[in-house]
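The chain contents come next:
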Amino acid sequence: MGRHADALKLREETLALQRAKRGPDDPGTLLSMWGVAESLVKLDRGAEAIRIIDECLKRAADKAVDPRLIPHVIDVRLRHFEKKKDAAGCRATAEMLEKMKRTDANTLYNAACMRAVTAAVIRGADKSPAASKEADAEADRAMAWLKQAVAAGFNNAAHLKKDTDLDALRQRPDFRKLL
């Protein structure tokens, strides 16, 4: 409904109650942290959200949490840096996901998307030959992750065809062959 300030207020209240009742590492508390971070990003207060996101990811590591939590929280982080056209922040976010060493098809696909977004941000911000080489390296990493995702069982070709996160890869022969 676009009432992000109201949502933030309610999410912050919920987070405070979750922390007080269940503790900072409780799965419900971690979900509440995601909600607060998401609202902050929607209100263009992403710098505040990054601290919460990073704490949430640290606390969620090696815990049984809602399977949506880590992919969504890390995506909120990526979107903040993408919006700010901050390639270093996009790259750091991709590296955070990669360091988790998850091997499921969806996480591998998300890693590919993050590297492709990083390539697009670099290309959009700087047209120099050095930046082009850097963007190509990110696109190569994206393709490597995408191939791993397919090998791990990712087979949603319809999604691959329309996912705008992969736009930086569309003209590559290896991407077209993978499709």
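Everything below is about the structure shown above.
Residues numbered from 1 in each chain as written. Predicted model: local features only at pLDDT ≥ 70, side-chain atom pairs only at ≥ 80, totals over all residues. Heavy atoms only, no water.

(A) Expanded view of the overall build of the chain. Helix and strand counts for the chain come out as nine helices and zero strands. Along the chain, helices (α) and strands (β) appear in the sequence α-α-α-α-α-α-α-α-α when read from the amino end. Its C-alpha radius of gyration of 17 Å places the chain within 12% of the 16 Å reference for a compact globule of 179 residues. C-alpha extents for the chain along the principal axes are approximately 55 × 35 × 30 Å. The 179 residues of the chain split such that 42% are buried. (Helix = DSSP H or I, 4+ residues; strand = E, 2+ residues; numbered from the N terminus. Rg over C-alpha atoms; globule rule 2.2 N^0.38 Å. Buried < 20%, exposed > 50% of the residue type's maximum accessible area, 1.4 Å probe, protein only.)

(B) The arrangement of the nonpolar core in detail. Residues I53, L69, Y109, L146, L166 and L169 are the most contacted members of the largest nonpolar core, which totals 53 residues. Ranked by residues supplied to this core, first place goes to helix 6 (residues 105-125) with 12 residues. When sequence neighbours within four positions are dropped, the list of residues in contact with L169 reads A116, A139, A142, M143, L146 and F175. (Core = buried A, V, L, I, M, F, W, Y, C linked by side-chain atoms within 4.5 Å. Contact = heavy atoms within 4.5 Å.)

(C) Seen up close, the pattern of salt bridges. Using the criterion set out here, one finds 22 salt bridges in the structure. Of the charged contacts in the structure, one is a salt bridge between R91 and E134, with a shortest N-O distance of 2.4 Å. Placement of the pair is R91 in helix 5 (residues 87-99) and E134 in helix 7 (residues 129-151), with a sequence separation of 43 residues. Where R172 meets D140, a salt bridge forms, and the shortest distance between an N and an O atom there is 2.9 Å. Of this pair, R172 sits in the loop between helix 8 (157-162) and helix 9 (173-178) while D140 sits in helix 7, placing them 32 residues apart in sequence. Residue class for D140 comes out partly exposed when judged on its relative accessible area of 43%. Members of the salt-bridge network, linked through shared partners, are R91, E98, R115, E134, E138 and R141. (Salt bridge = Lys/Arg side-chain N within 4 Å of Asp/Glu carboxyl O.)

(D) Spotlight on the packing of helix 6 against helix 7. Relative to each other, helix 6 and helix 7 sit at 165°, their axes nearing to 8 Å. As far as their axial angle goes, helix 7 and helix 6 are roughly antiparallel. In this structure, helix 6 meets helix 7 at a crossing whose hand is left-handed. Per-class residue counts for the contact of helix 6 with helix 7 are 15 nonpolar, three polar and six charged. (Axes fitted to C-alpha atoms, helices over the stretch in contact; angles between N-to-C directions. Parallel < 35°, antiparallel > 145°, perpendicular 65-115°, else oblique. Left-handed = near helix turned anticlockwise from the far one by under 90°. Nonpolar A, V, L, I, M, F, W, Y, C, P; charged D, E, K, R; others polar.)

The values reported here are purely geometric and, on their own, carry no functional implication.
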